[in-house]
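Survey of secondary and tertiary structure
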Amino acid sequence: MRASRLLSIMILLQLRGRVAAETLAAEFEVSVRTIYRDIDELSAAGIPVQSDRGPHGGFQLMAGYRSQFTGLENDEAEALFMIGLPGPAIALGLGNAATRASRKLMASLPPSLREGSRRIADCFHLDTNDWYRNEPSTIELPRIARAVLAQQKLKTSYESWSGLRQWQMEPLGLVLKAGAWYLVANSQSRASSSKKLRIFKVVHINDMQVLEEHFDRPDDFDLPDFWNEATARFEKELRSNTAHLRVSTTGLDRISKLGAFAAQAVEAQRDAKTTAQDSVWQTITLPIETIEHAAQMLLGIGPELEVLAPPALRQRLRELAWQCYQLQEQTGAQD
């Protein structure tokens, strides 16, 4: 632990120039006295650390000195792809390793390139969580990540819409999608003897055991390709039905905010219309899941749309609107 801290102090001095003892103490969560002892140990090892006393003092490396000890440790190399994603890196248990790897990479750059890299990091930030949503608790995520890297099998319980089931998994990869983590795994349940590639939402995995048994990763498996094909197929199958609507201009704007699928339908209609149609109601074909889901979704559009087809959706929307009206009347009468 101390050897790692000494190396990190040396790299920070190389990156930042003069650094105060209090700053280093806060960085590594140790006392100022410990930092002074660390600096003495670095000096004894032949690292030319200069010390300046006073309110603007601190420690710095002798001008022109560059460390050759910037090689990456195993966990730092594994964390390289998470540099710039502090939240996901911490969730995977790679936060400290990603920070150390980033510092080492910065220290290896010449000063001219280092300044440009700092400017990029200062100007751009990636937030993977959706609006008004906190990232769900994924306490098993670091253990799952280690199992993916070590190619160790998992035994878990998984809570899906169909109930709780027991699974044995060969974890092949993790995907962060819209603030949620998903595990792609070759898996089989107790009721089945065959394995199949499936996607599991990490937050629903519980009672997990990391087994000693290892597995061979398929040579032809490509995580991005599998994920893109699976999500495209899911989205197509999810909204296999369509609704034909007559919508006002205001209604089109409201529908476009229901999701990417709705925005694409609105954009396709706008591309097809002529300028003369701008001020009139227009027809649109909207992909939908079920009648119930579509009715609840379209109820919020209000009087800015008319359902042309299917008749079942038109009827269900009418029923929901009538129920809302009756509830408001009853509430008003009680007041």
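Everything below is about the structure printed above this text.
Described below are features of the structure shown in this document. (Residues numbered from 1 in each chain as written. Predicted model: local features only at pLDDT ≥ 70, side-chain atom pairs only at ≥ 80, totals over all residues. Heavy atoms only, no water.)

**Quick word on the overall build of the protein chain**
Selection criterion: Helix and strand assignments follow DSSP, with helices taken as H or I runs no shorter than four residues and strands as E runs no shorter than two, numbered in order from the N terminus. Categorising residues by exposure relies on relative accessible area from a 1.4 Å probe, with only protein chains included: less than 20% of the type maximum marks a residue as buried, more than 50% marks it as exposed, and the intermediate range marks it as partly exposed. The method behind every accessible area is Shrake-Rupley, applied with a 1.4 Å probe, and residues are considered shielded solely by the protein chains displayed.
The number of helices and strands found in the protein chain is 13 helices and ten strands. Taking all 335 residues of the protein chain together, 36% fall into the buried category. If you sum the accessible surface of the protein chain, you get close to 20,600 Å²; carbon and sulfur atoms cover 52% of it.

**Here's the deal with the packing of aromatic side chains**
Both the distance between ring centres and the angle between the ring planes are used here to describe each pair of aromatic rings. Test applied: The rule is short: rings of Phe, Tyr and Trp, with Trp giving its six-membered ring, pair when the centres are within 6.5 Å, and they are stacked under 30 degrees, edge-to-face over 60, tilted in between.
By the definition in use, this model includes six aromatic pairs. Relative to Phe200, the ring of Tyr158 has its centre 5.0 Å away and its plane inclined at 85°; by these criteria the two rings are edge-to-face. With a gap of 42 residues between them, Tyr158 in strand 3 (residues 152-160) and Phe200 in strand 6 (residues 196-201) connect regions that are remote in the sequence. When its relative accessible area of 10% is taken as the criterion, Tyr158 is described as buried. Phe200 sits in the buried class, given a relative accessible area of 2%. By way of ring pairs, the aromatic residues Tyr158, Trp167 and Phe200 are connected into one cluster.

**Some words on the nonpolar core**
Here is a general trend for soluble globular proteins: nonpolar side chains tend to be buried in one another's company. To be explicit about the condition: To qualify as a nonpolar core, a set must consist of buried Ala, Val, Leu, Ile, Met, Phe, Trp, Tyr and Cys residues joined through side-chain atoms within 4.5 Å. We call two residues in contact when some of their heavy atoms are within 4.5 Å.
Core analysis: the biggest nonpolar cluster contains 22 residues, and Leu245, Ile255, Leu286, Leu298 and Leu305 have the highest contact counts within it. Contributions of two or more residues to this core are made by strand 8 (241-247), helix 10 (249-256), helix 11 (260-272), strand 9 (282-288), helix 12 (291-299), strand 10 (305-309) and helix 13 (311-334). Once residues within four sequence positions are removed from consideration, Leu286 is found in contact with Asn241, Thr242, Ala243, Leu245, Ile255, Phe261, Ala262, Ala265, Met297 and Leu298. Listed in part, the 20 residues of the second largest apolar core include Leu174, Ala185, Phe200 and Met208.

**A look at the sheet that holds strand 9**
In plain terms, the rule: Any two strands between which DSSP finds at least two bridges are classified as paired. Every axis corresponds to a line fitted to the C-alpha atoms, with the helix fit spanning only the stretch in contact, and the corresponding angles, defined between N-to-C directions, vary from 0 to 180 degrees.
Overall, antiparallel pairing links the three strands, which are arranged 9-8-10 in an open sheet. With one partner strand each, in any of the chains shown, strand 9 and strand 10 form the two edges of the open sheet. Averaged over all neighbouring strand pairs, the angle between strand axes comes to 35°, with direction disregarded. One ladder, built from four bridges, connects strand 8 with strand 10; its direction is antiparallel. Bridge assignment links Arg246 to a residue of strand 10, and that residue is Glu306. Contacts between helix 10 and the sheet are confined to strand 8, strand 9 and strand 10, with strand 8 contributing the most and set at about 145° to the helix.

**Re helix 1 (residues 2-16)**
Selection rule: Multiplying one less than the number of residues by 1.5 Å gives the expected span of a helix.
Its 15 residues give helix 1 an end-to-end C-alpha distance of 21 Å, which sits within 8% of 21 Å, the value for a rise of 1.5 Å per residue. Taken as a whole, helix 1 has its buried residues at Arg5, Leu6, Ser8, Ile9, Met10, Ile11, Leu12, Leu13, Gln14 and Leu15. Gly17 sits one or two positions beyond helix 1 and adopts a positive phi of about 80°.

**What about the pairing of strand 4 (residues 163-177)?**
When strand 3 meets strand 4, the two strands line up antiparallel, connected through seven bridges. Among the inter-strand pairings, Thr156 is bridged to a residue of strand 4, identified as Trp167. As consecutive antiparallel partners, strand 3 and strand 4 are separated by two residues. As defined by bridge partners, strand 4 adjoins strand 5 (residues 180-189) across ten bridges and the pair is classed as antiparallel. Across the sheet, the residue bridging to Lys177 is Ala180, located in strand 5. Remark: two residues form the turn of the hairpin made by strand 4 and strand 5, two consecutive strands paired antiparallel; Ala178 in that turn has positive phi of roughly 50°.

**Topic: the pairing of strand 9**
A one-sided burial pattern is seen for strand 9, the buried positions being Gln282, Ile284, Leu286 and Ile288 and the unburied ones Thr283, Thr285 and Pro287. Across seven bridges, the pairing between strand 8 and strand 9 is antiparallel. Within strand 9, the position partnered with Arg246 by the bridge is Thr283.

**Some details on unusual backbone geometry**
With an omega of 0°, the peptide bond between Ala309 and Pro310 qualifies as cis. With respect to the secondary-structure elements, Pro310 resides in the loop between strand 10 and helix 13. Even without being a glycine, Gln151 presents a positive backbone phi close to 55°. Considering the arrangement of structural elements, one finds Gln151 in the loop between helix 8 (141-150) and strand 3. Even without being glycine, Asp207 reaches a positive phi, approximately 50°.

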